[in-house]
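Per-entry structural report
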Amino acid sequence: MLLKNISVQLLKCNFNFRVLNNYTRKFNNNIIYTRNMTSIANNNEDEKESFKMTNHEKFLFDLNGFIVLRNVLNEDEVKEMNDAIDANIHKAVRRETKGLKNAVVNSKLSADGSRIDLGGMLGWEKPHGDPFRRLLVHRKLAPYITALCGEGYRLDHHPLVILQGKNSEGFSLHGGPLSGHDGVPEGRFNPELQYNCRNGSIWNSLLAMSVSLCDSDSGDGGFCVLRGSHKLNFAVPEKFSIGELKGFDDHIYQPAMKKGDVIFFSEATVHGAMAWKRDEQRRLALYRFAPSNFAYGRGYLNNFGEDVLEKCTPQQKAVLQPPFAVRLQRKTLTEQGEDGEVKQYKRSEVKMKHDVAVFGSTYF
Ligand SMILES: O=C(O)CCC(=O)C(=O)O
């Protein structure tokens, strides 16, 4: 068994731990194997690692609404992504117009420079698109997304690369389980962004995965979060969300990040970004995942872009399916991600025939 260096940091404490298990392939009789993928370099079953989310990590996520994983991607993986971004940098779009600004002018989170967005990575040709497609099913990430969104998780938004030069604006606090200040009545239950935990199973209606492609220290700016706000019961005051209310600095946490670190946060946790102050360009890849039968975005309606599916492995394709329940024969990733088979629950012949008789279609 191997010990690898993924560590979790939260509230500035470091915990290094890995539960080392052999892979267990325990599927019950209700599952059809559609493909046996053994795509990893090391084919020795005994030496594969388990990257399962530990109970301690679940405790921290439940407490705070986010978790920071250290050293998830290695230097080569980060370089591949940065090279791909460099090769496609001409496609990046500056959020320059007034209506595209993410922070209120002259607020604590604002700055002169604009944030820059780059999309379409899933459709990039080899080799540039590969590391971005791989993140959908990466062996070190899939167990976490499964633990946080459930079996059969799906990509919800188009993934986004965010680029920021020195002195560029942050992002006013947003998200959270109650509606905010964007035109809807304040403080109502927000059905789109919710967190729940029942009998030890965590559920997020929308989960963000932010992969850091640059280093930053505390105080440099970047992602910030209001700890524990996935469970709040009172709307965040508007002035607080722009950093202009007493107590903001005491309650907002901006983690220091290294290249290859990953933040998982519930979109039900109020979050945003501090203005970027570091000399080096800020770079991150932001993915949003949802449970199998949930959708916020509409990217799935065009399969996340022309020709994307043709470039994907069976595991990656499974994550790009539209929202519907796992029991309706959804092609489902195992928590081993890229290393596991794509499985499918069986629906009885008799029920499928009945649906055809009633609805003229195999599924209701
Ligand atoms: O800049 C960040 O890290 C936060 C991004 C964010 O919250 C968003 O794009 O919705």
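The paragraphs below set out a description of the structure included in this document. (Residues numbered from 1 in each chain as written. Predicted model: local features only at pLDDT ≥ 70, side-chain atom pairs only at ≥ 80, totals over all residues.)

Some details on the site of the ligand
- Close contacts around the ligand come from Ile 162, Phe 171, Ser 210, Gly 222, Phe 223, His 271, Gly 272, Ala 273 and Leu 286, and that covers them all.
- Of all the secondary-structure elements, those providing two or more residues to the shell around the ligand are β13 (222-226) and β16 (271-274).
- With 3 residues, the top contributor of residues to the shell around the ligand is β16.
- Considering only residue class, the shell around the ligand consists of 5 nonpolar, 4 polar and no charged. (Near = placed C-beta within 6 Å. Helix = DSSP H or I, 4+ residues; strand = E, 2+ residues; numbered from the N terminus. Nonpolar A, V, L, I, M, F, W, Y, C, P; charged D, E, K, R; others polar.)

Points about the environment of Asp 83
- With respect to the secondary-structure elements, Asp 83 resides in helix α2 (residues 75-87).
- Of the residues examined, Asp 83 has 13 C-beta atoms within 10 Å and is grouped as partly exposed.
- Note: C-alpha distance between Asp 83 and His 128 (45 residues apart in sequence) is 7.6 Å. (Buried ≥ 20, exposed ≤ 12 C-beta atoms within 10 Å, placed from the backbone.)

Side note on unusual backbone geometry
- Cis geometry is found at the peptide bond from Lys 126 to Pro 127, where omega equals -5°.
- On the secondary structure map, Pro 127 appears in the loop between β6 (115-118) and α3 (130-134).

Focus on the pairing of strand β4 (residues 66-70)
- Across the 5 residues that make up β4, a large majority, 4, are buried.
- By the bridge criterion, 4 bridges tie β4 to strand β15 (residues 262-266) in an arrangement that is antiparallel. Its bridge partner lying in β15, Phe 66 is registered against Phe 265. (Pairing = 2+ DSSP bridges.)

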